[in-house]
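# Summary of structural features
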Amino acid sequence: MQFKGKTAVITGSSRGLGRAIAEKLGKLGANVVLTGTSDTVLKTASELEEMGIKVAVVVGDVRNADDVKAMMAKAVESFGGVDILVNNAGITKDKPMAMMSEDDWDTVLDINLKGCFLCTKAAAKLMIKKRYGRIINVSSVAGAYGNPGQANYSASKGGMLGLTKTAAKELAPRGITCNAVTPGLIESDMTEILPEDLKRKYLEKIALGRFGTPEDVANVVAFLASDEAGYVTGQVIDIDGGLVM
Ligand code: NDP
């Protein structure tokens, strides 16, 4: 796989999975547009630049349509367009449903699902002109199978799967594919905070006997973003070490 001359916008790429995806695509030759909500993304951008990766960076919120426009505009201004969009930005606000506030619900749905919609819409507009595009949505096994304490998160990630298949159907005639990955338990800031006994419980269920790494996810995303995956669209790939089968 090689991405020379291709430009990838990766949302939420200051750290964790998004950062690993940006690094993977960048090392394979892509120009990468990094986004995050805080200055952390600026530090990540300089670290990737030191590796010889061509980087542009936007501090912005995927919930905000103007910020999303700025992300795509940056890609156009810096590299001439958008070929690949990875909708990776996401958060959790876990609680049993009875304790979950409307704000917990709205915030998670807005960032994880509305953000994915806004970015897909804005990137697709550019991709349609090129008659080429790869959109990869980072959902979760929780979206496909549900998870106690994650009503808001599971709903947002399940919504992403419906959005993936709709985008795949709408955009296929324009040469654009759209697929989703559903990671299981991956080592990152998001899972670092989980209680040890819960982590142990998950570990017992993972066939491959270990948590995933951000690189495990980046490898699959890179394939879906490549020319080689041109006949794959509307699909959902579990990256969970055999947690659910
Ligand atoms: P992290 O918490 O490590 O990183 C989250 C990223 O999203 C950060 O770059 C953060 O930016 C960015 N972000 C958060 N809110 C917004 C926002 N409103 N607008 C733009 N960017 C935002 O998470 P992970 O790397 O673990 O997760 C990445 C994705 O993978 C998420 O969608 C998550 O749901 C999904 N996933 C993760 C799994 C795991 O086990 N880790 C399992 C399944 C799915 P900033 O640094 O500025 O806050």
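Keep in mind it's a predicted model, so treat the numbers as computed, not measured. (Residues numbered from 1 in each chain as written. Predicted model: local features only at pLDDT ≥ 70, side-chain atom pairs only at ≥ 80, totals over all residues. Heavy atoms only, no water.)

In this structure, Thr107 sits in helix α4 (residues 102–130). Setting aside residues up to four positions removed in sequence, Thr107 forms contacts with Arg63, Ile91 and Lys93. (Helix = DSSP H or I, 4+ residues; strand = E, 2+ residues; numbered from the N terminus. Contact = heavy atoms within 4.5 Å.)

Phi angles above zero are rare outside glycine, and Arg131 is one such case at about 55°. Inspection of the secondary structure puts Arg131 in the loop between α4 and β5 (133–138).

With respect to topology, seven strands assemble into an open sheet ordered β3-β2-β1-β4-β5-β6-β7, the strand pairing being parallel. The outermost strands of the open sheet, each flanked by one partner alone, are β3 (55–59) and β7 (236–239). Between one strand axis and the next, the sheet turns through 15° on average, direction left out of account. Relative to strand β6 (residues 176–183), helix α6 (residues 151–171) is tilted by about 160°, and along the sheet it contacts β4 (84–87), β5, β6 and β7. (Pairing = 2+ DSSP bridges. Axes fitted to C-alpha atoms, helices over the stretch in contact; angles between N-to-C directions.)

The next point concerns the nonpolar core. Ranked by internal contacts, the top residues of the largest apolar core, which has 29 residues, are Ile10, Ile21, Leu25, Val32, Leu34, Ile84 and Val86. Secondary structure elements with two or more residues in this core: β1 (7–10), α1 (16–27), β2 (31–36), α2 (40–50), β4, β5 and α9 (214–225). For this core, the element with the highest residue contribution is α9, accounting for six residues. In this structure, Val86 is in contact with Val9, Ile10, Thr11, Ile21, Leu25, Ile136, Val138 and Val221, ignoring residues within four places of it in sequence. Within the second largest apolar cluster, 25 residues are counted, among which are Ala75, Val82, Ile111 and Cys178. (Core = buried A, V, L, I, M, F, W, Y, C linked by side-chain atoms within 4.5 Å. Buried < 20%, exposed > 50% of the residue type's maximum accessible area, 1.4 Å probe, protein only.)

Let us now look at the UniProt feature "binding site: NADP(+)" (unreviewed entry) in the chain. If you check UniProt for "binding site: NADP(+)" (unreviewed entry), the listed places come out as Gly12, Ser13, Ser14, Arg15, Thr37, Asn88, Tyr153, Ser154, Ala155, Ser156, Lys157 and Ile186 in our numbering. Considering the C-alpha atoms alone, the annotated residues occupy 175 residues of sequence and remain spread out, their largest mutual distance being 24.5 Å. Within this annotated set, the largest cavity is lined by Asn88. Residues within four places of Ser154 in sequence aside, it is in contact with Ala142, Gly143, Gly146 and Asn147. Those residues in contact with Lys157 that lie beyond four places of it in its chain are Asn112, Val138, Ser139, Ser140 and Gly143. (UniProt positions renumbered as here; feature names shortened; annotations may be inferred. 1 Å grid on protein atoms, 1.4 Å probe; cavity = no way out; pocket = protein on both sides within 12 Å on 5 of 7 lines; lining within 4 Å.)

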